[in-house]
Structures are given as structure tokens and as C-alpha cells.
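# A structural walkthrough
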Amino acid sequence: MNDTGTPHVSERETPEADLKDRARRVLQHLDAVLPDVDALYGDLHEHPELSGEEARTAAEVARRLAATGYEVSQGVGGHGVVGVLRNGDGPTVLLRGDMDALPVEEKTGLPYASHVKTKDGVPVMHACGHDVHTACLVGTAALLARSRDAWRGTVLVVGQPAEETLTGALAMLEDGLYARFGTPDAVLGQHTAPLPVGTFMHREGVTMMGATSVRIRLFGRGAHGAQPELSVDPVVLGASVVLRLQTIVSRELSPLEAAVVTVGHFQAGNRANVIPDEALLELTVRTEDDAVMARVLAAIERVVKGEALASGSPKPPLVEVVANTPVNRNDTALIRRVQAAHATWFGQDALVPGVLATASEDFPFFARGPERPVPTAYWYVGITPLKTWAEAPGDTPLEKVTHVPGPHSPFYAPDRAGSLRRGCESLTVAALACLHGGTPFTDH
């Protein structure tokens, strides 16, 4: 009894205490698992593979999952890997890590920096932290396999290819991911972020924008560079298109509607004195609302066709959507559960306020179950070395984050030890919050 005569509720009887107890039982093995996690991370960082070419990475993931007792399938939707660990009655929880790298030349100067180039001489680097994601995914899988007395249910470990091209998740689903391995009750994913190592960011609702990749072919009439009057110059046409596209966001959308239109690739001609007959543009569109995306895409097609007509193009342009992904929208109850679990384990001070990311992911495709929507939760794990963060100009996180290397930068270099340890803890605690064991950890 307490002083008011009310029976004491022991700490072990509260959901938070139950989660903390189970997490301790699982994470007591972390120091034993981390050497292999670190070895895998170093290997993947030195040997990155582009989207759709992740054969070596997939083999390493599959080998380690099999060694820890998972039923492993490879070649799901390309180089996708699925590991299944059944541990009695309970929910099915899918843990996802992406495996592909980027065509970026590494400039970190690290002793384990990538020197990989494609056969065409294109440098390759893990400039988005997918090596951290994959290593922590495998580490979490090993921890759960070692501690089956602390949870009940089924764990699906998914090593996903081709995230950077926004095609891998859908390819795995179309190859029967849910039909073959079961529709999960929750899907969990995390991503590195240029925040201090040991911090975590969650956001309810839309956490990342939707994205559409567009390819545009413009047709002109080639001529000698000294006789432009005989041409329809697709370079000039392309330049006009690039400039005019920028007015879509600034002049056709409300300032309250978030959108980005970026032309990232413009290719035309091979010689200075030859006016080519074609130009190729590739661009990315980001919005936080599917209806806004539809309006922006319609405006792009209108602008391109209008500029081609004004330039006297011999035939209409081709405007093609080559890839798209919806907005990444967290299930409210699930992300609250994950956030509460992280607060319980790491402390409230380790959580930073969530902000909308203009980057995009194909992770939201996992929410499309065959018979019902699947709850998904996606959060960020800080990986910036504390010394780097402290020395960055600014007083607030939003000010500092602009002065440290972020994803897709050739200088993106996570704090190796801290990122791997916290990344494994983060994914493990989130998984335990969704799996049965002791008192169910619930936000209801």
C-alpha cells in the first residue's frame, strides 16, 4: 500500500517497465553482436553496389541471417533478401533495410573509403547510409534470434534493393513478398540523418514527400554550329524549359503548398560546333500531397509542350514518368508506439522534434497490403560525430544541420561505432514494442 491506501503497482507491471526489461534481456547480447555488425558495415562501405546490382551485398546479408537461424530466401524482386524467424503466436513485424549505394565519388578520406567504380568508370559510394541500415538490420536480427524468451511472434527481415531508384520495394511486393511470407501487422524502417549521434527524430503523419521522376525528350533539327538559322536548337529549347519549369512552384502553387521541381540531368550534343537534333532532360518532383503532385505533373507536360511549340519543334516532345512513390505517411498509432519505446529506452532528451523531409523513399509501398493497409513507421537515427556537431555553426538543430555533411554528399561519414550501436538499439527496441512479450506494450 502507498500513503493513500492504494495498492502499489510495481515498476515491472507497467508497459514501459516491461519493455525496458525485455530490451535489457535482448540488448545484453549487443556487445557480442557488434563486432560482426561492424565488420559487415566496413565491408559494405568499401564495396558499395548501385541499385539493381546488389548481388554481393545480398549474399552477405543472406549468409549472416541463415547463420543466426532465419529461413532465408534470395532473389525476391531482384536482389531482395527475406529472412523469417517464427517464435510462437503473436504479431508479424517486418524490419526493412535498404542495401543500394549511389553514383557518388567518396571524398571522406576514411581508411575504409570506397574506391569502387563501375565498368564505365562511374564512382560508387554509400552516401546515404544504407550500409548503416543494412548492418543494423542484420545486427537486430541476430539479437532477436539470441533472445527468443523476450518476445513472441514472427519477424520478417527484409534487405531491400533499388531504393535510390524508387523501384525495389514495389518489385519485392509484386514478386509476392506478402503472398509468400505473410502480410505483416507492422512495418518498421529507419534512416540515418545528419543529427547528433544518439538522437532520434519521429514525425506523425507525412514524414517524407512523395516523388516522381520524369524523363523529357525534346526534338529539334540539327545543323552546323555556324548556321543556327538552319536549326531548331534543342539546347535553347531545353534551357527555356528548365527556366519555365521553375515557375510552376513559384507561380502556380500556393505558398502554403510544399513542392520541389529539380532538373538534375540535361544532355544534348557531343561537339561544340554541332547543333544536335535532340535534348534529354531528367527531373524529380517532390510534394507532400498526391493531389498537388498531379497538378505539378500536368503543368510540366503543358510547359514542355508549349515551349516545344513556340520553338517550332518538328515533332511533339515525349514526357514520361519513369518512377514514382507516394508520400511516406506514418501510421499515427504505430509511430507513437515507436517514439514512446525510444523515449523509454534512450530517454526523452534523445528525441528531437520531427520535421518534414523533402527527400523521398519507396518505403510507403510496404503499406499496401493485399487485403488491408499495413501500418508503417519510419524514423531517423542521428549519425553525426558529436565533435563535428559541436563545431558546426548555429545554435539550433535546424541551423547546425545545414553545416554538416548530409545524405548524398561525398563527405557523408557516420560516426561508425556510435551509429551502429544506436542503430541496432533503435530498431531492436522498436521491434520489441510491436512483438508480444510479458505485458503488451501498447499506446492504447
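Use the structure listed above.
Described below are features of the structure shown in this document. Nothing here was measured: the structure is a model prediction, and the numbers come from that model. (Residues numbered from 1 in each chain as written. Predicted model: local features only at pLDDT ≥ 70, side-chain atom pairs only at ≥ 80, totals over all residues. Heavy atoms only, no water.)

## Description of helix 1 (residues 15–27)
- The end-to-end C-alpha distance of helix 1 is 18 Å, a good match for the 18 Å that 13 residues give at a rise of 1.5 Å each.
- Those residues of helix 1 that sit buried are Ala-17, Asp-18, Leu-19, Asp-21, Arg-22, Ala-23, Val-26 and Leu-27.
- Close packing links the buried residues of helix 1 with helix 2 (30–46), helix 4 (130–146), helix 9 (332–346) and helix 12 (416–434). (Helix = DSSP H or I, 4+ residues; strand = E, 2+ residues; numbered from the N terminus. Expected span 1.5 Å × (residues − 1). Buried < 20%, exposed > 50% of the residue type's maximum accessible area, 1.4 Å probe, protein only. Contact = heavy atoms within 4.5 Å.)

## Description of the nonpolar core
- Core analysis: the biggest nonpolar cluster contains 59 residues, and Tyr-70, Leu-95, Leu-144, Trp-151, Val-155, Leu-188 and Leu-420 have the highest contact counts within it.
- Counting residues per element, this core draws most heavily on helix 4, at ten residues.
- With near-sequence residues (within four places) excluded, Val-155 lies in contact with Tyr-70, Gly-83, Val-84, Leu-85, Val-93, Leu-95, Leu-144 and Leu-435. (Core = buried A, V, L, I, M, F, W, Y, C linked by side-chain atoms within 4.5 Å.)

## Details of the pairing of strand 4 (residues 153–160)
- In terms of residue burial, strand 4 counts as a mostly covered element, since eight of its eight residues are buried.
- Side chains Gly-153, Val-155, Val-157 and Gly-159 project from strand 4 onto one buried face, and the interleaved Thr-154, Leu-156, Val-158 and Gln-160 project onto a second face that is buried too.
- Inspection of the sheet shows strand 2 (residues 80–87) paired to strand 4 by seven bridges, in the antiparallel sense. Across the sheet, residue Val-81 finds its bridge partner in strand 4, namely Gly-159.
- Where strand 3 (residues 92–98) lies against strand 4, seven bridges are found, and the strand directions are parallel. When the sheet's bridge partners are listed, Asp-98 is paired in strand 4 with Gln-160.
- With helix 4 bridging strand 3 and its parallel neighbour strand 4, the resulting β-α-β unit is right-handed. (Pairing = 2+ DSSP bridges. Right-handed = clockwise from strand over helix to strand, strands pointing away.)

## Side note on the environment of Gly-121
- Looking at the secondary structure, you find Gly-121 in the loop between strand 3 and helix 4.
- Given the relative accessible area of 40%, Gly-121 is considered partly exposed.
- The sequence separation of Gly-121 and Asp-233 amounts to 112 residues, and the corresponding C-alpha distance is 30 Å.

## So, the pattern of salt bridges
- The final tally for this structure, using the stated rule, is 25 salt bridges.
- Note that Glu-60 and Arg-63 form a salt bridge whose closest N and O atoms lie 2.9 Å from each other. With Glu-60 and Arg-63 both in helix 3 (residues 55–67) and three residues apart, this pair spans about one turn of that helix.
- With a shortest N-O distance of 2.8 Å, Arg-295 and Glu-257 are connected by a salt bridge. Here Glu-257 lies in the loop between helix 7 (234–252) and strand 10 (259–267) and Arg-295 lies in helix 8 (residues 290–311), a separation of 38 residues in the sequence.
- Each of Asp-36, Glu-60, Arg-63 and Arg-64 takes part in a single network of salt bridges with overlapping partners. (Salt bridge = Lys/Arg side-chain N within 4 Å of Asp/Glu carboxyl O.)

## What about the packing of aromatic side chains?
- What the rule picks out here adds up to five aromatic pairs.
- Ring geometry for Tyr-41 and Tyr-112: centres 6.1 Å apart, planes at 70°, overall edge-to-face. Remark: Tyr-112 occurs in the loop between strand 3 and helix 4 and Tyr-41 occurs in helix 2; sequence separation between them is 71 residues. With respect to burial, Tyr-41 and Tyr-112 carry one shared label: buried.
- Ring-pair connections join several aromatic residues into one group, and the members of that group are Phe-363, Phe-366, Tyr-378 and Tyr-380.
- Looking at Arg-416, its charged tip hangs above the ring of Tyr-112, at a distance of 4.4 Å from the centre. (Phe/Tyr/Trp six-rings, centres within 6.5 Å; stacked < 30°, edge-to-face > 60°. Lys NZ or Arg CZ within 6 Å of the ring centre and 35° of its normal.)

## Points about the sheet that holds strand 2
- Taken together, the eight strands give an open sheet; going across it, the order is 1-2-4-3-5-16-6-15, and neighbouring strands pair in mixed fashion. In this open sheet, the two strands that pair with only one neighbour each are strand 1 (71–76) and strand 15 (351–352).
- For strand 3 and strand 5 (residues 186–196), the ladder comprises four bridges, and the chain directions are parallel. Opposite Val-93, over in strand 5, you have Ala-186 as the bridge partner.
- Its contacts with the sheet place helix 4 against strand 2, strand 3, strand 4 and strand 5, and it is angled at close to 150° to strand 3.
- Lying over the sheet, helix 9 contacts strand 5, strand 6 (200–201), strand 15 and strand 16 (376–384), oriented at roughly 35° with respect to strand 16. (Axes fitted to C-alpha atoms, helices over the stretch in contact; angles between N-to-C directions.)

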